[in-house]
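So you can see what is in the structure, the chains are spelled out below.
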Amino acid sequence: MKEKANRKSTALVKKLGLGLFLAAALQPAIASEVREYRQHHMQDGALVIDTSDSQVTLTPLNSAALEVHYQREGMKQLPSFAIAPKAAQLKADVQAQLSVSEDALRLVLGDLTAVIHKSPFAIEYQRNGEPLLAEEHGFFANQTMRGFRFALQENEKLIGGGQRVLGMDRRGQRLPLYNKAHYGYTTESEQMYFGLPAVMSSNKYILLFDNSATGTMDLGASEQDVMQFEAVAGRSSYIVVAGNTYPQLIENYVDVTGRQPMPPRWAFGNFASRFGYHSEQEVRDVVEKFREEDFPLDALVLDLYWFGPDIQGHMGNLAWDNKAFPTPVAMMSDLNKQGINTILVTEPFVLSTAERWDSAVAANALAKNLAGQPKKFDFYFGNTGLIDVFSEDGRDWFWNIYKDLKEQGVAGWWGDLGEPEVHPSDTVHAVGMADEIHNAYGHRWAQMLFDEEKAANPEQRPFIMMRAGFPGSQRFGMIPWTGDVSREWGGLKPQVELSLQMGLLGFGYTHSDLGGFAGGEKFDRELYIRWLQYGVFQPVYRPHAQEHIAPEPVFHDRKTRNITREFVKLRYRLLPYNYTLAFENSQTGMPLMRPLFFDNENNLALMDNKDAYLWGNDFLVAPVTDEGAREVAVQLPGGVWFDYWNDNQYGGDMARVKVNLKTIPVLVRAGAFIPTVPDMKNTREYSSRELRLDYYAHESAAQSSGYIYEDDGVTADAFAKGQYQKLMFAGERSDDATRFTFTREGDGYTGAPEGRSIELVVHNWQQVPTAINAGEQPLTIVNSGKQLTDNAAWYDKRAKTLHVKFAWDGSALPLTVSH
């Protein structure tokens, strides 16, 4: 029997070509430990298998995703935090087909097939009949550790693990799974605020370890052909997701873990934020300064001084310091009248000296010690307890505070220190010990806020910014940031990597404290400008820092103000483009920042690029991260690209882009339509009544199209309710003419323009057109830009751009430019 098991196992290794299975399974001395199939049955759409040492449940979640849950008698299990309730409810709708042979079971979902070998027991996964992934030994467990082992293929690259600064390919790394603050990080960090127990493979699968406990993810570090997930406790399950392309893979993944709802439109505006504003008068003065300096502003963030005059000693008060903020309700009302939304920081710690300590204890809101009393411990801010967000009592007590603040006029929440920053192992929560659920603390906190916000205000979109969470937290509207980054060039360098890594696993709004947060002895103008320039092309525009150097551009010298003002205004002009990225993310999970390899999936070298990225489909951005740079080498994924600032064209594998202090490399895809609107004071003034479309004509892009999505910016689920408009445009080049079409979809929304004035700007146009017709109406060709009005066109010979202006009522409209 031992020899037979060894022969089958060796044959399986050769068959899969996916690396070696656990050596123990091949050693006669311990062959008794080899797992064997016993029997199986179907239950509620899931395949349940009894083996010699465990029960294994394979649950289809969609046609390309499968949950695999190993259970042993007496081994505690926690519920899944990663799987969205919708995915769990719809699992029975997946039409999985099971076939059984003497040696194996085959569970076919559609795009994904699980082949379950009986002896020795092992599961391999196939996509379209080709090997994708295989358990090596699969599940293992003892008294102090549980987890899984998988085989790695040669040359396979692995992205994942969440926030780390290690390069894009994390293969060869051993990564701690324990959310932990890393104050003042720069160009290297293996453990940070928001880890993710998941990887995305260059072979186009995602593997998620659905376990919230303290652990490790070993990506071929200890054994180069083995990927091992380890945890001290928690749920012993994993989820495998497949896709034929990376975007499809992400869509299949968020179909399981949940899609991020669209945030309010004001979340794409400019934020005033620092550590921190000390008084109501300071808040009012800062807002006035933004107005005086002509900087748009949509939100103001209050750090911990809103509830106490000092950094230490007041955490957990969670009530206004009335000496510093005597009329907070009136203050927030006044800000709101100006289109400015107030965001408050909150933390899950309640100091034993805080005004609310007795209330928290009486409400049974705090996590316990081993004697069943409120757990107290010391950390930087004082002697404290921790709110138990896993208990109903803790959530109810916490939410009632939020509810009161919401009624006063608070528009958004900033959840800080939610790793939790300090979390003693002997802390007892309602569902388990600290080390069992540590990595899901921020997740459960965000869920509480989201669920209660939706229950209280179902028509509104919550704004929830948090520092830590778990796979699936995006379905609660979580907007992560990259923590307390050092205010130096080394802090700016890893920001693209951090946002790309998080975005590929569901967290498309990951952003940084623009300008850097921690330290800095004196103001570095160049660094500051470079960081804020990059900020235009990332999800949230929020300069934030320790206050000894002002994070707000309005408090710096004239040159700094003039350069950053133009970039902040550009951020607002690009709102129709950026808001459309948010819509796409809400529908498919596509991140707003996308890696270059999305454009050329066969070029694995692009997967290593952590210095440039796609902002949506049509921008390629490379932040300037070196002091004194005058030229930046930008890797290209193929195709033709235009310099956004001067229309220079680039192709091939590399572009060498000249820069000065007023520019960073921003390239536009040939054939792209880039929509912009006029300047505004804040997003409340947004309107596409006057819409500019820049079309980048090139012979390599004979056909192209684009669209923008619009709604009222505030209504939850506006698209599902039909309260939206899509403005769609396409271009097609031929020898005699370039033909454009403009169409509209959707019933409209409150505030939608009845008609629009469109200025189509065609770049790379070489001559005055012979004729232009909008529908049946010929347009007048004028001699200067000053003469350009509706139903007219002007050719700028110097810039080689054709400007065509026309009125559009939303009905289908063809526009022909004859060569």
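Our structure is the block above this text.
Every value quoted in this text rests on a predicted model; they were computed, and no experiment measured them.

**Focus on the pairing of strand β14 (residues 205-209)**
Counting buried residues along β14, five of its five residues qualify, which places the element largely inside the surrounding structure. Residues of β14 alternate between two faces, with Y205, L207 and F209 on one and I206 and L208 on the opposite face, all of them buried. Of the pairings in the sheet, the one linking strand β13 (residues 195-201) to β14 comprises three bridges and is antiparallel in character. Across the sheet, M200 pairs through a bridge with I206, a residue of β14.

**A few points about a nonpolar patch on the surface**
Nonpolar side chains collect at one region of the surface, where M42, L98 and V100 lie side by side and expose about 240 Å² of accessible area between them. If you trace the backbone, M42 turns up in strand β1 (residues 37-43). The exposure class assigned to M42 is partly exposed, which follows from its relative accessible area of 42%.

**So, the pattern of salt bridges**
Tallied over the entire structure, the rule returns 48 salt bridges. A salt bridge links E293 to R565; the nearest nitrogen and oxygen atoms lie 3.5 Å apart. Remark: R565 occurs in helix α13 (residues 558-573) and E293 occurs in the loop between α4 (280-292) and β19 (299-302); sequence separation between them is 272 residues. Comparing E293 with R565 shows no difference in burial state: the two are buried. Through salt bridges with shared partners, a single network forms among D416, E419, E421, R467 and D484.

**Topic: unusual backbone geometry**
The amide bond that connects F275 to the next residue, G276, takes the cis arrangement and shows omega of -15°. Inspection of the secondary structure assignment puts G276 in the loop between β18 (271-273) and α4. Between E419 and the following residue, P420, the backbone shows a cis peptide bond with an omega angle of -5°. Within the secondary structure, P420 sits in the loop between β24 (412-415) and β25 (428-429). A positive phi is found at D44, a non-glycine position, where the angle reads about 50°. With a relative accessible area of 63%, D44 lands in the exposed category. Notably, D717 is not glycine yet its phi reads approximately 55°, a positive angle. With respect to the element layout, D717 can be found in the loop between β39 (703-710) and β40 (725-733).

**Concerning the sheet that holds strand β47 (residues 801-808)**
Strand order in this open sheet of six strands is β37-β38-β42-β47-β46-β45, and the pairing throughout is mixed. If you trace the sheet from one side to the other, it starts and ends with β37 (673-676) and β45 (780-782), each paired once. For this sheet the average axis-to-axis angle between neighbouring strands, irrespective of direction, equals 20°. Note that β45 and strand β46 (residues 792-796) share three bridges and pair parallel. When the bridges of β46 are listed, V782 appears paired with W794.

**Re helix α11 (residues 495-503)**
Burial of α11 is extensive: nine of the nine residues sit out of reach of the surface. Along α11, the positions that sit buried rather than exposed are Q495, V496, E497, L498, S499, L500, Q501, M502 and G503. Next to the buried residues of α11 lie β11 (158-162), β13, α10 (489-492), α12 (525-535), β29 (593-594) and β30 (613-615).

**Digging into the environment of L570**
Relative to the elements of secondary structure, L570 occurs in helix α13. Separated by 109 residues in the primary sequence, L570 and R461 place their C-alpha atoms 25 Å from one another. Residues contacting L570, with those up to four places away along its chain left out, are V536, F537, Y644 and W645.

**Examining the packing of aromatic side chains**
Under the criterion given, the structure shown has 59 aromatic pairs. Pairing F275 with F517 gives two aromatic rings, centres 6.2 Å apart and planes at 35°, and the pair type is tilted. Residue F275 is located in the loop between β18 and α4, and its partner F517 is located in the loop between α11 and α12; the two are separated by 242 residues in the primary sequence. Its relative accessible area of 17% is what places F275 among the buried residues. Classification of F517 as buried rests on a relative accessible area of 6%. Aromatic side chains Y709 and F719 sit 6.1 Å apart centroid to centroid with 70° between the ring planes, which places their arrangement in the edge-to-face category.

**Observations regarding the sheet that holds strand β16 (residues 226-231)**
The sheet built from nine strands is open, its strands ordered β5-β6-β7-β8-β9-β10-β16-β15-β12 with antiparallel pairing. The two strands at the open ends of the sheet, each matched to only one other strand, are β5 (97-100) and β12 (174-177). In this sheet, neighbouring strand axes are inclined to one another by 15° on average, regardless of whether the strands run parallel or antiparallel. Strand direction decides the pairing type here: strand β9 (residues 130-141) and strand β10 (residues 146-151), joined by six bridges, are antiparallel. Each residue of the ladder has a partner; that of A141, found in β10, is R146.

Thresholds applied
Residues numbered from 1 in each chain as written. Predicted model: local features only at pLDDT ≥ 70, side-chain atom pairs only at ≥ 80, totals over all residues. Heavy atoms only, no water. Buried < 20%, exposed > 50% of the residue type's maximum accessible area, 1.4 Å probe, protein only. Helix = DSSP H or I, 4+ residues; strand = E, 2+ residues; numbered from the N terminus. Pairing = 2+ DSSP bridges. Patch = residues over 30% accessible without salt bridge, like charges linked within 9 Å, V, L, I, M, F, W, Y side chains within 5 Å. Areas by Shrake-Rupley, 256 points an atom, 1.4 Å probe, with all protein chains shown as cover. Salt bridge = Lys/Arg side-chain N within 4 Å of Asp/Glu carboxyl O. Axes fitted to C-alpha atoms, helices over the stretch in contact; angles between N-to-C directions. Contact = heavy atoms within 4.5 Å. Phe/Tyr/Trp six-rings, centres within 6.5 Å; stacked < 30°, edge-to-face > 60°.

Without other data, these values stay purely geometric and don't point to any function.
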